[in-house]
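# Examining the three-dimensional arrangement
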Amino acid sequence: MSSLRGRVISMAMIVSWAFLLLSCKADTTSNKEAEALIKWKDSLPNQSVFDSWVFPTHTNSFSSTPPSPCEWYGITCNQSGSVIGINLASTGLKGTLQNLDLSSFQNLLVLDLKFNNLTGTIPNDIGIVSKLHLLNLSTNSFNGSLPLSLANLTQIRELDISRNHLSGEIPANIGNLSNLSLLNLKDNQLSGGLTVGIGALSNLVTLDLSMNNLRGPIPHQIGDCSKLMYLSLSNNQLNGTIPNSIGNLLGLHRLLDLSYNSLGGKIPPQLGRLTSLENLNLSHNNLTGSIPNSLGNMVSLLDINLSHNCLEGHVPNTSVFQSAQPEAFGNNNALCGNIKGPRPCIETEQKGGIKKKQRLLISSLVGALLFSFIFLGILAYLWRKKSPANLVKQDSIPKGHNRFSAWHFNAKLLYEDILEATNSFDDMYCIGVGRMGKVYRVNIPGCDVLAVKKLNFQASDEAEIENIKHFGKKVAALTHIKHRNIVKLFAFVSQGIDAFLVYEFMERGSLADMLRSENGAKELDWMKRIHIVKGVAYALCYMHHDCVPPILHRDVSSKNVLLDSEFEAHVSDFGAARFLKPDSSKWTTAVAGTYGYLAPEFAYSMVVSEKCDVYSFGVLALEVLMGKHPGERICCLRSSSAVERIQLGDVLDPRLSPPATQNIADKLALVMSIAVSCLSANPQARPTMTSVSRLLESRNAGS
């Protein structure tokens, strides 16, 4: 009996000792974690988020209670008192992660530091936290490259490091993260190619690598990510063709976005298998051929965009395409169809073929018409040779001889017709006065209403005539520009001492006049104003990055933004624009621009770069929000402390009611944030217009 009692007592002692050992180990772990957190806190600037991060003070000096971080703000512990979560998202946190000893957190599952002001690099030993399930460092200012040790986070489910300043390549071993369901690296400066290892991410549901500088082809292995529901590779420099294997991603539901790349070849008909997809964007690429009929099977599509490619042929006449917006097919080679947007198709064959007699009849008619055209062409040539208003461009202009010369314009726009329509440029037809001349409303019978800018400079001798000719040749290149947010320039015309530019007419006049008018300002509701800012951004992005050679506007202002009948913004006045040399980032030239919109560096350098246009855009964006030029407030906005204190309501036009929804308020806040970034005193700190356009478009897409 005593022997049994002894064994029971021994067992109880063993259990007690084991419990004490476990408790001691947990206390040691907790103490180590607390010390690591305090050390990191002490390395950062003082900030209120850490007010609770203190060791307890004990009146009893013999107390052995270890410090516990489990009650601290943003810290979550398990039942053993070990830290499993650090969540300081959206707290305004400043500093770096360099003094955070990650090796102290052996049980950490969640590290969420998104929407803060953290800088520096991501620690190279981030992979030591091997149990991590979620790592979110998005919307900070981290730089450097992605650590290779990320591949050690084999248990991770969500990895989001979007909207930072990361560079370098995506690690090739990222395919090790086989449990990953979300990978978001958008809006960084990542380069290199898409690693084939992405195909090994078999549990991936969301993949967003948009708004980077990724190059090369899309690997066909991406089709192995069978659980993907959201795929965005837009706004990169990807080339090659669209892999057929993307058609295997039958789970794609929310988005497939490959826009703003350099993808070529044909649209794979296999995409028609994506019957659950709601949003498809293949715009702004170099896609050729016709639209596959199989895309008509994508019955779940809510939005499709195939614009700005080299597509041709019939647009499938199915409900998917009938309900699409007309601009979804714009700026292609020769698309046609019985839907809104493309021109109607002209049938060249009848069903069942054409009989031999019909072919002979058609051949005869074609021959007769061809003969008639040749005959009329000869008559027209002879008439033009005799006509005093000879439209052939002359290589030389004799002194004192008025010889009409024109480049790239409709023959109906004869100089005499314009003089007659304006009564020799009578002021009653004048609709505006700019730095380079007056603008007239011209209504020529048989033509659309035009805007004609009569330039101030006149030629008095042969040298000045040659200068006008040289200017005309430069401006002639601008007549080839076709962009929905740029006023179409039809022609540059010079006759003797006079010269003028012929533009399309904008019904609602300038943005400056609309904002100045009480009634006009009220017509421009918040959504219209957001759309105007986006339109100007798209136009400048096109000029800076899509034109060869690139074009600087040099005078971005509300006077040079015109509105059509639908309040669509059109950037105007390219008379002041100059071409940027391909081998130079700058062009030194005479003073240009409007006071209040000029970048500060221009005052001392007299050098114009694309960053000057970016600065002017920032002023313009604020003007659209405020309803008036921001004036002295620009200086205040260059101060980082002032930017943090400013409220959206402080910069909104009081003539309009406050935003009706949170969605509109968020979009206005984004415009304000972008505008402030464009006003940086350091030109290199300003974003490019490509970045601005991407930000505005990504928010528009709801991402």
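None of these values were measured; they are calculated from a predicted model.

Rules used throughout
Counting restarts for each chain: residues are numbered from 1 in the order of the written sequence. Given that the model is predicted, a residue must reach a pLDDT of at least 70 before its local features are reported, and side-chain atom pairs must reach 80 or more before they are shown or counted; all residues, however, enter totals for whole chains, interfaces and linings. Derived side-chain values reflect all non-hydrogen atoms in the structure, with water molecules and hydrogen atoms excluded from consideration. The way it works is that DSSP assigns letters per residue, a run of H or I at least four long becomes a helix, a run of E at least two long becomes a strand, and they are numbered from the N terminus. Whether two residues are in contact is decided by their heavy atoms, any of which lying within 4.5 Å being enough. Under the convention used here, a 1.4 Å probe and the Shrake-Rupley method define accessible areas, while residue burial counts only the protein chains that appear. Exposure classes here rest on a 1.4 Å probe applied to the protein chains alone. A residue is buried below 20% of its type maximum, exposed above 50%, and partly exposed in between. For every residue, the pLDDT score states the predictor's confidence, bounded by 0 at the bottom and 100 at the top. One speaks of a salt bridge when a side-chain nitrogen belonging to Lys or Arg is within 4 Å of a carboxyl oxygen belonging to Asp or Glu. The axes used here are C-alpha line fits, helices contributing only the stretch in contact, and every angle between their N-to-C directions lies in the interval 0 to 180 degrees. Each helix crossing is assigned a hand: it is left-handed if the near helix lies turned anticlockwise from the far helix by less than a right angle, otherwise right-handed if that turn is clockwise. In this count, Pro and Cys sit with the nonpolar residues alongside Ala, Val, Leu, Ile, Met, Phe, Trp and Tyr, while Asp, Glu, Lys and Arg are called charged and the others, Gly among them, polar. Helix span, as expected, comes to 1.5 Å for every residue beyond the first. In this description, strands pair whenever DSSP reports at least two bridges between them. When two cysteine sulfur atoms are found within 2.5 Å, that pair is recorded as a disulfide. Only Phe, Tyr and Trp rings are paired, with Trp represented by its six-membered ring, and only when their centres lie within 6.5 Å; those with planes under 30 degrees apart are stacked, over 60 edge-to-face, the remainder tilted. Only Lys NZ and Arg CZ are tested; either one counts as a charge over a ring when it is within 6 Å of the ring centre and within 35 degrees of the ring normal. Think of it this way: Lys and Arg go in the positive column, Asp and Glu in the negative one, and His and the chain ends go nowhere. In this description, a nonpolar core means a group of buried Ala, Val, Leu, Ile, Met, Phe, Trp, Tyr and Cys residues linked to one another through side-chain atoms lying within 4.5 Å.

## A closer look at the overall build of the protein
- Helix and strand counts for the protein come out as 14 helices and 30 strands.
- Sequence-distant contacts in the protein: of pairs separated by 6 or more residues, those separated by 24 or more amount to 55%.
- For the protein, the accessible surface area stands at approximately 34900 Å², while carbon and sulfur atoms represent 55% of it.

## Remarks on unusual backbone geometry
- You will see that Thr139, though not glycine, has its phi angle at about 55 degrees, which is positive.
- Among the structural elements, Thr139 can be located in the loop between β6 (134-136) and β7 (158-160).
- Overall, Thr139 belongs to the partly exposed group, its relative accessible area being 23%.
- The phi dihedral of Met211 is positive, around 60 degrees, even though this residue is not glycine.
- Within the secondary structure layout, Met211 lies in the loop between β9 (206-208) and β10 (215-216).

## Digging into the confidence of the model for the protein
- This prediction gives the protein a mean pLDDT of 79; 75% of its residues lie at or above 70.
- Confidence over residues 15-26 falls short of pLDDT 50; this stretch has one contact with residues more than four positions distant or in other chains.
- Here residues 348-357 is a poorly scored stretch, pLDDT under 50, and it has three contacts once near neighbours within four places are set aside; other chains count.

## Some details on the pattern of salt bridges
- Tallied over the full model, the rule gives nine salt bridges.
- Here Arg655 makes a salt bridge to Glu518, at a shortest N to O gap of 3.7 Å. Placement of Arg655 in the loop between α12 (640-645) and α13 (662-678) and of Glu518 in helix α7 (residues 518-523) is noted, with a sequence separation of 137 residues between them.
- A salt bridge links Lys528 to Asp525; the shortest N-O distance between them is 3.2 Å.
- A residue is classified by how much of its surface remains accessible, and Asp525, at 31% relative accessible area, is partly exposed.
- Residues joined by salt bridges that share partners form a network here, namely Glu518, Arg529, Asp653 and Arg655.

## Quick word on the packing of helix α8 (residues 526-545) against α13
- Where α8 contacts α13, the axes come no closer than 10 Å and their chain directions differ by 35 degrees. Like other packed secondary-structure pairs, α8 and α13 cross with a definite hand, here left-handed. The segment α8 lies against α13, with Trp526, Met527, Ile530 and Val533 engaging Ile664, Lys667, Leu668 and Val671.
- Residue classes in the contact of α8 with α13 are distributed as seven nonpolar, no polar and one charged.

## Considering α13
- Spanning 17 residues, α13 covers 24 Å between terminal C-alpha atoms, matching the ideal 24 Å at 1.5 Å per step.
- Taken residue by residue, α13 has Ile664, Ala665, Lys667, Leu668, Leu670, Val671, Met672, Ile674, Ala675, Val676 and Cys678 as its buried positions.

## Remarks on the sheet that holds strand β15 (residues 288-289)
- Here we have three strands laid out as an open sheet, ordered β15-β17-β18, and parallel in their pairing. The two strands at the open ends of the sheet, each matched to only one other strand, are β15 and β18 (334-336).
- Where β15 meets strand β17 (residues 310-314), two bridges bridge the pair, whose relative direction is parallel. Note on β17: the bridge partner recorded for Thr288 is Cys310.

## Description of the state of the cysteines
- Across all of its chains, the model carries one disulfide by this definition.
- Here Cys70 engages in a disulfide with Cys77; their sulfurs sit 2.2 Å apart. Between Cys70 and Cys77, the S-S torsion sits near -100 degrees, and that sign places the bridge as left-handed.

## Re the environment of Gly168
- Inspection of the secondary structure puts Gly168 in the loop between β7 and β8 (182-184).
- Under the relative-accessibility criterion, Gly168 is labelled partly exposed at 24%.
- In the structure, Gly168 is positioned 22 residues away from Leu146 in sequence and 7.3 Å away in space, judged by C-alpha atoms.
- Look past the residues within four positions of Gly168 in its chain and what remains in contact with it is Gln189, Leu190 and Ser191.

## Here we look at the sheet that holds β9
- The strand order across the open sheet formed by 11 strands is β1-β2-β4-β6-β7-β8-β9-β11-β13-β14-β16, and the pairing between neighbours is mixed. Because the sheet does not close on itself, it has two edges, and the strands there are β1 (75-77) and β16 (303-305). Mean inter-strand twist for the sheet, computed between neighbouring axes without regard to direction, equals 10 degrees.
- As paired elements, strand β2 (residues 83-87) and strand β4 (residues 110-112) share three bridges and run parallel to each other. When the bridges of β4 are listed, Asn87 appears paired with Asp112.

## Quick word on the packing of aromatic side chains
- Enumeration according to the criterion identifies six aromatic pairs in this entry.
- On the numbers, 6.1 Å between centres and 35 degrees between planes, the contact of Phe321 with Phe329 is tilted. The pair Phe321 / Phe329 is uniform in exposure class, with both members buried.
- Cation over ring: Arg441 sits above Phe505, and NZ or CZ is 5.0 Å from the ring centre.
- Of note, Lys528 hangs over the ring of Phe567, and the distance from its end group to the ring centre comes to 5.1 Å.

## Quick look at the side chain of Lys488
- The residue Lys488 is located in the loop between α5 (462-478) and β23 (489-495) in this model.
- Comment: no salt bridge for buried Lys488; closest opposite-charge side chain is Glu504, at 8.2 Å.
- If we skip the residues at most four places from it in the chain, Lys488 touches Thr479, His480, Ile481, Lys482, Val502, Tyr503 and Glu504.

## Observations concerning the nonpolar core
- Counting 88 residues, the largest nonpolar core has Leu135, Leu256, Phe321 and Phe329 as the members making the most contacts within it.
- Those elements giving two or more residues to this core turn out to be α1 (2-42), β1, β2 and α2 (319-322).
- Looking at which element gives the most residues to this core, the answer is α1, with five residues.
- In this view, Phe321 contacts Ile291, Leu295, Gly296, Ile304, Leu306, Val315, Pro316, Phe329 and Ile339; residues no more than four positions away in its chain are not counted.

## Brief notes about the environment of Gln189
- In this structure, Gln189 sits in the loop between β8 and β9.
- Once the C-alpha coordinates of Gln189 and Ser145 are considered, the two residues, 44 residues apart in sequence, prove to be 9.5 Å apart.
- If we skip the residues at most four places from it in the chain, Gln189 touches His165, Leu166, Ser167, Gly168, Asn212 and Asn213.

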